Amino acid sequence: MATELQTELAPERAAPKPAQPERGSAPANKPARAGRGALAIAGEKLIEFVIRLCGISAIIFVFSIFFFVFREAAPLFFQKHEPPAQPEAVVERHADDHSPAAKKFALKEFLFSKEWYPTSQSNVRFGVLALIVGTLSVTALAMIIAVPFGLGAAVFVSEFCGGKIKETLKIVIELLAAIPSVVWGFIGLTVMNPIIQDLFHAPIGLNMLNGAILLALMSVPIMVSIGEDSLKAVPDSFREAGLALGATRWQLVYRVLLPAAKNGLLAAVLLGVGRAVGETMAVLMATGHAVNIPFVTADGSFNPLFIFEPVRTLTATIAAELGEASEGSQHYRVLFLIGVLLFSMTFIVNLTADLIIRGIKKR
Amino acid sequence: MSDPQKLAITTRALNLWYAKFQALIDVTVDIKHGIITSLIGPSGCGKTTLLRCFNRVNERYGYVTTTGEIKLHGKNIYDDDVSLVELRKSAGMVFQRPNPLPISVYENVVFGLRIHKEGGDLKRSVLDEAVEVALTEVGLWQDLKDRLDMRATNLQLEQQQKLCIARLLPLKPEIILMDEPCSALDVEGTRAIEELMFALKGRYTIVIVTHNMAQARRASDECIFMLLGELIEHSRTEELFLTPKNPKTADYIEGRYG
Ligand SMILES: Nc1ncnc2c1ncn2[C@@H]1O[C@H](COP(=O)(O)OP(=O)(O)OP(=O)(O)O)[C@@H](O)[C@H]1O
Ligand SMILES: [Mg+2]
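In this text, all values refer to a predicted model and were calculated from it rather than measured experimentally.

1. Examining helix α9 (residues 181-200) of chain A
Residues and elements named next belong to chain A.
Piece 1. Along α9, the sharpest kink reaches roughly 40°, centred on Gly-188.
Piece 2. Check the buried side of α9 and you find it contacts α8 (163-178), α10 (208-232) and α14 (281-286).
Piece 3. Directly beyond the C-terminal end of α9, a positive phi value near 50° is found at His-201.

2. Examining the layout of surface pockets
Piece 1. Considered as a void within the structure, the largest pocket measures approximately 550 Å³ in volume.
Piece 2. Lining the largest pocket are 25 residues; nearest its centre among them are A:Glu159, A:Leu243, A:Arg249, A:Leu252 and B:Arg60.
Piece 3. Taken together, the elements giving at least two residues each to the lining of the largest pocket come down to α7 (129-160), α11 (236-244) and α12 (249-260) of chain A together with α2 (84-90) of chain B.
Piece 4. Here the lining of the largest pocket gets four residues from one element, more than from any other, and that element is α12(A).
Piece 5. In terms of residue class, the lining of the largest pocket is built from 11 nonpolar, four polar and 10 charged.

3. Details of helix α7 (residues 187-200) of chain B
Residues and elements named next belong to chain B.
Piece 1. The end-to-end C-alpha distance of α7 is 20 Å, a good match for the 20 Å that 14 residues give at a rise of 1.5 Å each.
Piece 2. Taken as a whole, α7 has its buried residues at Gly-189, Thr-190, Ala-192, Ile-193, Glu-194, Leu-196, Met-197 and Leu-200.
Piece 3. The inward-facing, buried residues of α7 contact β3 (36-40), α4 (124-137), α6 (157-166), β7 (175-179), β8 (205-209) and α8 (213-219).

4. A short note on a nonpolar patch on the surface
Residues and elements named next belong to chain A.
Piece 1. A surface patch of nonpolar side chains, about 770 Å² in accessible area, is lined by Val-182, Val-183, Phe-186, Ile-187, Val-191, Ile-195, Leu-199, Phe-200 and Met-281.
Piece 2. Take the nonpolar patch: its biggest share by element is eight residues, from α9.
Piece 3. Inspection of the secondary structure puts Phe-200 in helix α9.
Piece 4. What makes Phe-200 partly exposed here is its relative accessible area of 44%.

5. Digging into the domain arrangement of chain A
Residue and element names in this part refer to chain A.
Piece 1. Splitting chain A by domain gives domain 1 (29-73) and domain 2 (129-362).
Piece 2. For domain 1 versus domain 2, the distance between C-alpha centres works out to 37 Å.
Piece 3. Taken together, the contact between domain 1 and domain 2 spans nine residues of the former and seven residues of the latter.
Piece 4. A combined buried area of about 710 Å² lies between domain 1 and domain 2, and 78% of that area is made up of carbon and sulfur atoms.
Piece 5. On the domain 1 side of the interface with domain 2, the three residues burying the most area are Phe-66, Glu-72 and Ala-73, jointly 61% of the side's total.
Piece 6. At the junction of domain 1 and domain 2, the tally comes to zero salt bridges.
Piece 7. On the surface where domain 1 and domain 2 come into contact, there are two residue pairs in polar contact (both at pLDDT 80 or more).
Piece 8. In terms of residue class, the side of domain 1 that touches domain 2 is made up of seven nonpolar, no polar and two charged.

Calculation criteria
- Residues numbered from 1 in each chain as written.
- Chains lettered and ligands numbered in written order.
- Predicted model: local features only at pLDDT ≥ 70, side-chain atom pairs only at ≥ 80, totals over all residues.
- Heavy atoms only, no water.
- Bend = angle between axes of the 7 residues up to and from the residue.
- Helix = DSSP H or I, 4+ residues; strand = E, 2+ residues; numbered from the N terminus.
- Contact = heavy atoms within 4.5 Å.
- 1 Å grid on protein atoms, 1.4 Å probe; cavity = no way out; pocket = protein on both sides within 12 Å on 5 of 7 lines; lining within 4 Å.
- Points joined across faces, edges and corners; volume = space filled by probe spheres on them.
- Nonpolar A, V, L, I, M, F, W, Y, C, P; charged D, E, K, R; others polar.
- Expected span 1.5 Å × (residues − 1).
- Buried < 20%, exposed > 50% of the residue type's maximum accessible area, 1.4 Å probe, protein only.
- Patch = residues over 30% accessible without salt bridge, like charges linked within 9 Å, V, L, I, M, F, W, Y side chains within 5 Å.
- Areas by Shrake-Rupley, 256 points an atom, 1.4 Å probe, with all protein chains shown as cover.
- Salt bridge = Lys/Arg side-chain N within 4 Å of Asp/Glu carboxyl O.
- Domains from an automatic or database assignment.
- Buried area = accessible area lost by both parts, 1.4 Å probe.
- Polar contact = N/O pair within 3.5 Å; in protein donor to acceptor, adjacent residues only side chain to side chain.

Below is the structure:
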């Protein structure tokens with residue numbers, strides 16, 4: 001049996017080196033060997049090709065998504081007047097109310113106006129300032145909550161606990177990342193908001209704080225895992241140096257480890273920001289979805305209780321309105337432009353984080 | 001100053017286990033104050049382990065168990081009233097690979113002062129002076145006085161190692177423990193560190209682990225030979241090298257193993 005197998009396998013093993021034939025009847029064997037070899041080579045080539053395709057596909061996807069989103073938004077900048085699918089009447093009324101220049105899509109207005117009336121019959125306005133402010137403010141608040149929490153957890157996991165507790169904690173934190181965002185939104189709606197209203201006597205209704213807490217919880221896992229990685233990458237010799245000089249564990253953390261790992265921790269925070277900026281469902285459900293700049297009151301003064309104001313984010317706007325906007329309409333295209341905006345924001349944040357991480361690895 | 005009878009470090013029946021592996025076996029030793037004592041022995045015999053016992057750095061591994069007694073200047077370092085912070089302040093450590101912290105030269109030198117004066121305010125002038133004194137003592141002041149805010153990890157290795165010695169000095173340690181401090185340095189660097197050791201001798205008790213027997217011979221007053229976790233011989237350096245009492249020591253210094 002064994003010898004049979006060997007003689008069976010031998011030609012194949014020898015195939016790359018035809019110089020040393022195994023059997024005496026070399027001429028009879030040669031074609032068969034060559035055929036099998038060719039097949040094997042072809043198979044290998046195929047597998048290699050498939051693997052390469054898998055690798056490249058990520059790039060293809062990113063570029064085609066960007067291309068598609070941009071293609072849907074682009075006509076805004078080139079089309080003169082009426083968007084093709086808009087009802088005649090509206091277009092005409094437009095022409096009555098405004099000079100032709102105003103009808104044309106204006107990037108400046110898009111970015112700096114807080115008037116978001118995409119379906120107004122008399123006067124459509126596509127200003128996303130309030131939405132940008134909404135996204136940024138809810139993200140910033142989320143980070144104020146998540147950064148101490150996430151980095152604290154990273155420090156704890158990497159420096160203050162060992163063995164079983166560490167493994168358990170890591171698994172549980174990863175589980176946190178596995179909770180679907182609609183479930184988070186649901187929790188925000190039914191559990192968190194009543195608590196916030198009880199605790200702070202906040203005005204009735206959903207608010208920014210609610211969404212920010214959810215976003216914080218959602219971005220903590222990635223902060224912990226990247227943060228822990230970067231603390232783990234700090235050479236042990238730094239810890240020994242600190243300890244041998246008499247530093248306590250806490251002094252070691254904030255005098256040695258945090259400075260040494262600061263780039264990695266920054267990357268961790270940025271990835272958390274990327275996560276929070278891109279999150280949709282939870283914020284749609286939990287932030288109130290009102291176009292509102294939370295920092296100013298109705299009379300134009302600063303609102304110190306802005307965290308209890310409802311806000312609306314860029315992502316939630318797309319999710320909520322894309323279904324209603326008719327394809328090819330100006331509204332539809334503006335929503336895609338918001339997509340481009342978001343894409344660029346998260347791209348920049350992630351790229352920065354990535355470059356920072358890469359910089360660390362190189363050192 | 002260096003009273004020959006005064007003992008800096010004494011151990012009695014010291015045993016140490018890394019989990020199940022016994023790395024130190026019944027080590028009893030008296031290390032005298034104010035001189036340089038070298039620890040030699042083949043790789044893995046427990047030199048580093050013994051040295052790291054003296055300021056209890058070994059304890060950072062949870063799986064280490066120690067039995068026996070270690071006294072620094074007559075005080076048992078395992079007593080309940082001993083503070084680790086104070087212990088480590090009085091027994092400073094220099095590691096095999098220079099390990100300055102990834103902060104500025106200046107901050108490296110004053111690191112010890114800062115962590116031991118937490119909360120209390122340290123006058124800038126006090127710190128400045130400490131830096132100048134410590135760096136002068138290790139011979140770095142002339143080279144580095146204009147580059148104090150340079151990142152310490154960018155210095156040359158020799159300078160890094162000197163800096164690692166310098167940062168112990170502001171804490172006024174009584175004992176300096178060195179674990180193969182020259183193994184990452186070239187000949188010049190080695191000579192510089194040895195000269196520094198001579199300069200520090202007398203005021204400080206120096207215990208140096210070395211792989212290099214020539215170095216032990218040149219640089220130390222007393223020498224301890226270890227083998228497989230046990231202390232084989234401890235005597236004056238010339239005696240140990242010229243008239244070893246134990247045949248194992250003789251074998252080692254003649255290069256029959258190691
Ligand atoms: N952290 C550790 N965990 C487990 N075993 C260890 C640890 N450190 C050292 N050992 C073991 O203890 C023994 C003594 O090690 P130690 O580092 O003290 O030897 P050494 O004499 O300093 O050797 P070298 O000359 O190579 O530095 C070795 O067998 C080593 O494998
Ligand atoms: Mg060693």
